[in-house]
Amino acid sequence: MSEARKYFWEGVRAELPLMVGGFPFGMIYGALALNAGLSNAAAQMMSSILFAGSAQFITAQLVQVAAPALVIILTIAVVNVRHMLYSASLAPYLKDLSLKWKVLLSYLLTDEAYAPSIIKYEKDGLQPYSHWFVFGAGLALWVDWQVSTAVGIFLGAYLTDNDILQIIPLDFALPLTFIAMVVPVLKNRAMIAAALSAGLMALLAINLPYQLGLIVAAFTGIIVGTLLEKRS
Amino acid sequence: MNIWLIMIVGGLITFGMRFSLIYLFGKFQIPETIQRALHYVPPAVLSAIIFPELFHPNDTFDVSWTNTRLLAGLIAIAVAWFSKNTLLTIIVGMIVLLVLNLI
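Model, not experiment: these values are computed from the prediction. (Residues numbered from 1 in each chain as written. Chains lettered and ligands numbered in written order. Predicted model: local features only at pLDDT ≥ 70, side-chain atom pairs only at ≥ 80, totals over all residues. Heavy atoms only, no water.)

Caption draft 1: Representation of the packing of aromatic side chains. Within this structure, the stated rule accounts for 13 aromatic pairs over all chains. Residues Y93 of chain A and Y121 of chain A carry aromatic rings whose centres are separated by 4.5 Å and whose planes lie at 10° to one another, so their mutual orientation is stacked. Placement of the pair is Y93 of chain A in helix 5 (residues 82–94) and Y121 of chain A in helix 7 (residues 111–124), with a sequence separation of 28 residues. Taking relative accessible area as the criterion, Y93 of chain A reaches 16% and is therefore assigned buried. An aromatic cluster is defined as three or more aromatic residues linked by ring pairs; in this entry it consists of F8, W9, W101, W132 and F135 of chain A. Taking NZ or CZ as reference, K84 of chain B lies 5.5 Å from the ring centre of W81 of chain B, over its face. (Phe/Tyr/Trp six-rings, centres within 6.5 Å; stacked < 30°, edge-to-face > 60°. Helix = DSSP H or I, 4+ residues; strand = E, 2+ residues; numbered from the N terminus. Buried < 20%, exposed > 50% of the residue type's maximum accessible area, 1.4 Å probe, protein only. Lys NZ or Arg CZ within 6 Å of the ring centre and 35° of its normal.)

Laid out in structure tokens, this is it:
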């Protein structure tokens, strides 16, 4: 059990900078959801039922303009398609876990939980208790997201989103943490090419709506990396 | 249809997508090519998130000396490259951004 606990807390620790970076977004979401006309309860519960930042922002905006329910649901689906990529990427490491674990870790599988988890697996390989790392990272972000949403709902009347980020640009902790995670992974030409091509494609596809640019960019990087690896 | 129903259906779809391949790849053998390709998901996805944050802050392209997020990000990349230290990278990047924003 102590081994499990060690991995759990390691996951929590790895998640800390992402919690700092995510907190202002949770607050902004909470404030935005109230502003869009959601009740306190609905605004708060969306953070645990959907538990997906971008999708929650877009849902709040669509509710505000009274978009049809079906449009909102389809939008949520499209915005969250990228999670299938995370699911595929982690799958080889989670395949021997019980169904309960798979369900739990899937529920907690956000961008911010995926990143430290996959980096940990790629570095250390599959260890007997490494799923506790994923659980620690995922749960830490879950608590962070619920609390930051609540703070945003509480302060919603006083703060606009610009105020929150102008006080201190904490949101920058998110890209910084991703930089700190991805750079050490770039050990050969194929990895570097995958990262650069995906980044450039993300800029080219920046005007695509609903996070589709992210998907196009990710596939570009995956294909470039795989092709280069084959050649060498 | 009310907001609660939207949230529940949207939540189920989101969960379904997160669960989909974790479940399926537990049932079937993952083809070799796909396994190899999956190793490129982390650098590809993370870069696809990072680049727009640096080059396209405030929803406009900005490749200039006044783009403090780009400068701070590039310095953070250098720190990460040479130190491979997560905490140092984040702290240096944050301090550089705060200082540049003051100038």
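Read on for the rest.
Caption draft 2: Broad picture of the interface of chain B and chain A. With 61 residues of chain B in contact, the opposing surface of chain A contributes 81 residues. Taken together, the two surfaces of chain B and chain A that pack against each other cover about 6400 Å², and 81% of this comes from carbon and sulfur. Interface area lost by chain B to chain A is led by R18, I22 and Y40 of chain B, which between them contribute 14%. Viewed at the interface, chain A and chain B are joined by two salt bridges. We note a salt bridge from R69 of chain B to D171 of chain A, for which the minimum N-O separation is 2.9 Å. At the junction of chain B with chain A, the criterion picks out 13 residue pairs in polar contact (both at pLDDT 80 or more). Listed by contribution, the elements that provide at least two residues to the side of chain B that touches chain A are helix 1 (3–27), helix 2 (32–38), helix 3 (41–55), helix 4 (68–83) and helix 5 (86–102) of chain B. (Contact = heavy atoms within 4.5 Å. Buried area = accessible area lost by both parts, 1.4 Å probe. Salt bridge = Lys/Arg side-chain N within 4 Å of Asp/Glu carboxyl O. Polar contact = N/O pair within 3.5 Å; in protein donor to acceptor, adjacent residues only side chain to side chain.)

Caption draft 3: Up close: the packing of helix 7 of chain A against helix 3 of chain B. Look at helix 7 of chain A against helix 3 of chain B: their axes get within 11 Å of each other, and the N-to-C directions meet at 140°. When the axes of helix 7 of chain A and helix 3 of chain B are compared, the pair comes out oblique. Both helix 7 of chain A and helix 3 of chain B take part in a crossing whose hand is left-handed. Residues D111, Y114, A115, I118 and I119 of chain A of helix 7 of chain A form the contact with helix 3 of chain B, whose participating residues are V41, P42, L46 and I49 of chain B. Considered class by class, the residues forming the contact of helix 7 of chain A with helix 3 of chain B number eight nonpolar, no polar and one charged. (Axes fitted to C-alpha atoms, helices over the stretch in contact; angles between N-to-C directions. Parallel < 35°, antiparallel > 145°, perpendicular 65-115°, else oblique. Left-handed = near helix turned anticlockwise from the far one by under 90°. Nonpolar A, V, L, I, M, F, W, Y, C, P; charged D, E, K, R; others polar.)

Caption draft 4: Structural view of the environment of K95 of chain A. Secondary-structure assignment places K95 of chain A in the loop between helix 5 and helix 6 (99–107). The spatial distance from the C-alpha of K95 of chain A to the C-alpha of F178 of chain A is 26 Å, given a sequence separation of 83 residues. Setting aside residues no more than four positions away along its own chain, K95 of chain A makes contact with K102 of chain A together with F25 and G26 of chain B.

Caption draft 5: Main features of unusual backbone geometry. All names here are of chain A. Phi at F51 takes a positive value of approximately 45°, unusual for a residue other than glycine. Tracing the backbone shows F51 in the loop between helix 2 (40–49) and helix 3 (53–64). Residue F51 is classed as buried on the basis of its relative accessible area, which comes to 1%. In this model, A66 sits at a positive phi of 55°, which is unusual for a non-glycine residue. Along the chain, A66 falls in the loop between helix 3 and helix 4 (69–79). Note on A66: relative accessible area 63%, which makes it exposed.

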